[in-house]
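Given next are the chains, with one letter for each unit.
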Amino acid sequence: MSAEFELCPGRKIGGSNPCFIIAEIGQNHQGDIEIAKKMIQMAKDCGADCAKFQKSEIEHRFTKHALERPYTSPHAWGPTYGAHKHHLEFSHQQYRELQQYANDIGIFFTASGMDEMAIEFLHEINVPFFKVASADTNNIPYLEKTAKKGRPMVISSGMQSMETMHCVYQTVKKHNPNFTFLQCTSAYPLPLEHANLSLIPEFQKEFPDIPIGYSGHETGIHVSVAAVALGAKVLERHVTLDKTWKGSDHAASLEPAELAELVRAIRMVEMAMGSPIKQMLPCEASCHSKLGKSVVARKPLQKGEILTLDMLTVKVAEPHGVRPENIFKLVGKKITEDLEEDATITDAMIKG
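Parameters at a glance
Here the residue index of a chain counts from 1 through its sequence in written order. In keeping with the model being predicted, local features are shown solely for residues with a pLDDT of at least 70 and side-chain atom pairs are shown and tallied solely at 80 or more, while totals for entire chains, interfaces and linings include all residues. Heavy atoms throughout the structure, all of them, feed into the side-chain values; hydrogens and water do not. UniProt positions are given in the numbering used here, feature names are shortened, and annotations may be inferred rather than shown by experiment. Helical segments are the DSSP runs of H or I of at least four residues, strand segments are the runs of E of at least two, and each set is numbered from the N terminus. For this analysis, residues touch if any pair of their heavy atoms sits within 4.5 Å. For the purposes of these results, a polar contact is taken to be a pair of N or O atoms within 3.5 Å, where, inside protein, one atom must be able to donate a hydrogen and its partner to accept one; residues adjacent in sequence count only when each atom of the pair is a side-chain atom. Note on terminology: a nonpolar core comprises buried Ala, Val, Leu, Ile, Met, Phe, Trp, Tyr and Cys residues joined through side-chain atoms within 4.5 Å. Exposure categories follow from relative accessible area, calculated using a 1.4 Å probe and restricted to protein chains: below 20% of the type maximum is buried, above 50% is exposed, and the middle band is partly exposed. The arc in question is formed by the directions pointing from the helix axis toward the C-beta atoms. When DSSP finds at least two bridges between two strands, those strands are taken to pair. Here the term right-handed applies to a crossover when the path leading from its first strand over the helix to its second strand runs clockwise, the strands being oriented away from the viewer.

This part takes up the UniProt feature "domain: AFP-like" (unreviewed entry) in the protein. The positions UniProt marks with the feature "domain: AFP-like" (unreviewed entry) are residues 294-352. End-to-end, the C-alpha atoms of residues 294-352 are 20 Å apart, and along that stretch the chain is 7% helix and 22% strand.

With that settled, the discussion passes to the environment of N17. In this structure, N17 sits in the loop between β2 (11-13) and β3 (20-26). With 216 residues separating them in the primary sequence, N17 and K233 have C-alpha atoms 7.8 Å apart. In this view, N17 contacts E4, R11, K12 and K233; residues no more than four positions away in its chain are not counted. Of note is the side chain of N17, whose polar atom sits 2.8 Å from the side chain of E4.

To continue, consider the nonpolar core. If you look at the biggest cluster of nonpolar residues, it comprises 65 residues, and the most contacted ones within it are F53, M153, F181, Y214 and L259. Sequence-distant contacts of L259, that is, excluding residues within four places in its chain, are made with A23, M42, A43, C46, V239 and L254.

So, on to helix α7 (residues 140-148). Residues Y142, L143, T146 and A147 constitute the buried set of α7. Taken around the axis of α7, the buried residues stretch over an arc of 125 degrees, which confines them to a single face. Residues of α7 that are buried make contact with β5 (108-113), α6 (116-124), β6 (130-132), β7 (153-156) and α8 (162-173). Among the residues trailing α7, G150 stands out with phi positive, at a value near 90 degrees.

Quick look at unusual backbone geometry now. Cis geometry marks the peptide bond from Y188 to P189; its omega dihedral reads -10 degrees. With respect to the helices and strands, P189 occurs in the loop between β8 (179-184) and α9 (199-206). Here the residue pair E318 and P319 is connected by a cis peptide bond, since its omega of 0 degrees sits within 30 degrees of zero. Looking at where P319 falls in the secondary structure, it is placed in the loop between β12 (312-316) and α13 (327-330). The residue N196 is not glycine, and still its phi comes out positive at about 55 degrees. In this structure, N196 sits in the loop between β8 and α9. One non-glycine residue with positive phi stands out, namely D342, at about 75 degrees. With respect to the secondary-structure elements, D342 resides in the loop between β13 (334-335) and β14 (350-351).

Topologically, I125 is positioned in the loop between α6 and β6. Overall, the relative accessible area of 9% leaves I125 in the buried class. Sequence-wise, I125 and A348 are 223 residues apart; in three dimensions their C-alpha atoms are separated by 72 Å.

Let's shift gears to the pairing of strand β4 (residues 50-55). A large share of β4 lies buried, amounting to six of its six residues. A two-sided burial pattern is seen for β4, the buried positions comprising C50, K52 and Q54 on one face and A51, F53 and K55 on the other. With four bridges connecting them, β3 and β4 associate as parallel partners. Residue pairing for β4: E24 is matched across the bridge by K52. Following the backbone out of β3, through helix α1 (residues 33-46) and into the adjacent parallel β4, one traces a crossover that is right-handed. Across six bridges, β4 lies against β5 in parallel orientation. If you follow C50 over to β5, its bridge partner there is F108.

Structure, rendered in structure tokens:
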């Protein structure tokens, strides 16, 4: 079983702990702090463990030319990419306000640090863990600086190879033992055939000492529920209040009813995972009492006879007796009393 560690105060992941569910608000708040608060409340009401945003220090994340380029997408919030990103970026004070709001209603709060200066700010406000977005997973200098902060890390794997993920593992492990990888494919919305859930057990084989999770961008909830059944210990899904809103992430996001159903389904699946020990359970006693079979006499038997296989058969019997899987152990044994046809054979009737 994968190692476990405390991702947030009082909340461990890995091992037998419940899947940690992250509601990725990202920038689906439209640049409106009141919408952002409504989304934090929605995440809490739906049963998510954490509300997550995306924090950038824009001039540190993008080059000057990248910010100046025209942005003509129907999702644009400004004439240039820089104007678009500035519209969606909350100030430091607004982040502190959102963090306090989340704390007041009782849900964990964090953000993806989209550049090194954003990580410095998130460290300053004491987020419980850092989320590393797929775009920074192969950014080795960024990973080293982030790992050295000592906070737990949740690292997405979109756009990366397994070879790169081994490099990421070695880089982070040198400085920080508490991190998890999320299977992720960076497409919005994600075609189902590219979800590649089979990578979850592969990640578990490659990195057996860390928990593995899933960051999903598909529509609906079924794939994410399956990810948890395959062992995902952290689940991240984008959320929205309205899929028709402006913004490229909304179409791949879950509305409140979907998020609530996802959380319910995950908790049901976790309950259904049960025990890996195969044995008859107390809840099966009634069925076994009615339908369970035993070894019985195929024909009348006389006390002292040596049993052969053709003297025995298996039927639903009353009372219960020797279990069917033990029928061959009776061959060559002596019966200690007279039995009529169909009589149950019990251990007490067998000598030797």
